[in-house]
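# Secondary and tertiary structure notes
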Amino acid sequence: MKLFRPFNVVVDFETGNLTPGKKITRYLSDIQHFFLDKEKVKAVLAKENPLVYEVIYAEVPEEPGHLAHCTTIIYPGKVGNEFFFTKGHLHEKLETAEIYFTLKGQGRLIMASPDGEECEVLEMFPGSASYIPPSWSHRSVNVGGEPLIFYCIFFADAGHDYATIDKTGFPKVVLERNGEVVVENNPNWKKA
Ligand code: PAN
Ligand code: ZN
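Report on the accompanying structure. (Residues numbered from 1 in each chain as written. Chains lettered and ligands numbered in written order. Predicted model: local features only at pLDDT ≥ 70, side-chain atom pairs only at ≥ 80, totals over all residues. Heavy atoms only, no water.)

### Observations concerning empty space enclosed by the protein
Quick reminder of the rule: A cavity, in this analysis, means grid points on a 1 Å lattice covering only the protein atoms where a 1.4 Å probe fits yet has no way out; a pocket is instead an open set bounded by protein on both sides within 12 Å along at least five of seven lines, and a residue lines either one if it has an atom within 4 Å of a point. Grid points are joined across faces, edges and corners, and a volume is the space filled by probe spheres set on the points. By the criteria applied, helices consist of DSSP H or I runs no shorter than four residues and strands consist of E runs no shorter than two, each listed in order from the N terminus. Each residue gets one of three labels, nonpolar for Ala, Val, Leu, Ile, Met, Phe, Trp, Tyr, Cys and Pro, charged for Asp, Glu, Lys and Arg, and polar for the others, Gly among them.
Applying the stated criterion across every chain yields a total of 4 cavities of 30 Å³ or more. Volume-wise, the largest cavity comes out at about 210 Å³. Val55, Thr72, His89, Tyr100 and Tyr162 are, among the 21 residues lining the largest cavity, the residues nearest its centre. Those elements that place two or more of their residues in the lining of the largest cavity are strand 3 (22–27), strand 4 (51–57), strand 5 (67–74), strand 9 (98–104), strand 13 (137–142) and strand 14 (148–155). Of the residues assigned to the lining of the largest cavity, the class counts are 10 nonpolar, 7 polar and 4 charged. Considering only enclosed or pocket space, the second largest cavity measures out at about 90 Å³ in volume. In terms of lining, the second largest cavity is formed by 17 residues, of which the most central are Ser113, Pro114, Ile165, Thr168 and Gly169. By residue class, the composition of the lining of the second largest cavity is 8 nonpolar, 6 polar and 3 charged.

Written out as structure tokens, the structure is:
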């Protein structure tokens, strides 16, 4: 068997940059269908299409035994009173867990069981290491005024199922009400 060589990447805790890495970008238009206020989404998109988040991956083979790792940077912003968030997903291999280590900013990590009946929301803050157990879908939300930056480690062959969340959404939403961060039931959530 060919030996895979050890390697370093460097993570910048201030910017979330990971080098060398491969970047993907998600704009509001990519996640617009999840937001509660459809009119506000339309109004924002009529003017601009803001960058909501970026993910920068270390290049690792998507094979059993390997650990994939990346940084995520969610920019501060809201649509109406709903904070910017990631798409969110289940792992195709449901039995694979993940860890999110927050480097900068303030966030919430929404997790749900596959049928959505169970839902938990953890706080994300510098130094928090959030454990996403096997089977839980996960979405992160930036609730602060600066970028939310976190480092993720997951099984490289886990695979990402976005289609389920596209259909169901998450059971909870994270909103700003009177200057407070609140978690509420998502009226648009559909049971899987
Ligand atoms: C993370 C996420 C990353 C972006 O690395 O992929 O934060 O979120 P979405 O993938 O939902 O757009 C992870 O959970 N990997 O498995
Ligand atoms: Zn994941």
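Past the structure itself, the notes keep going.
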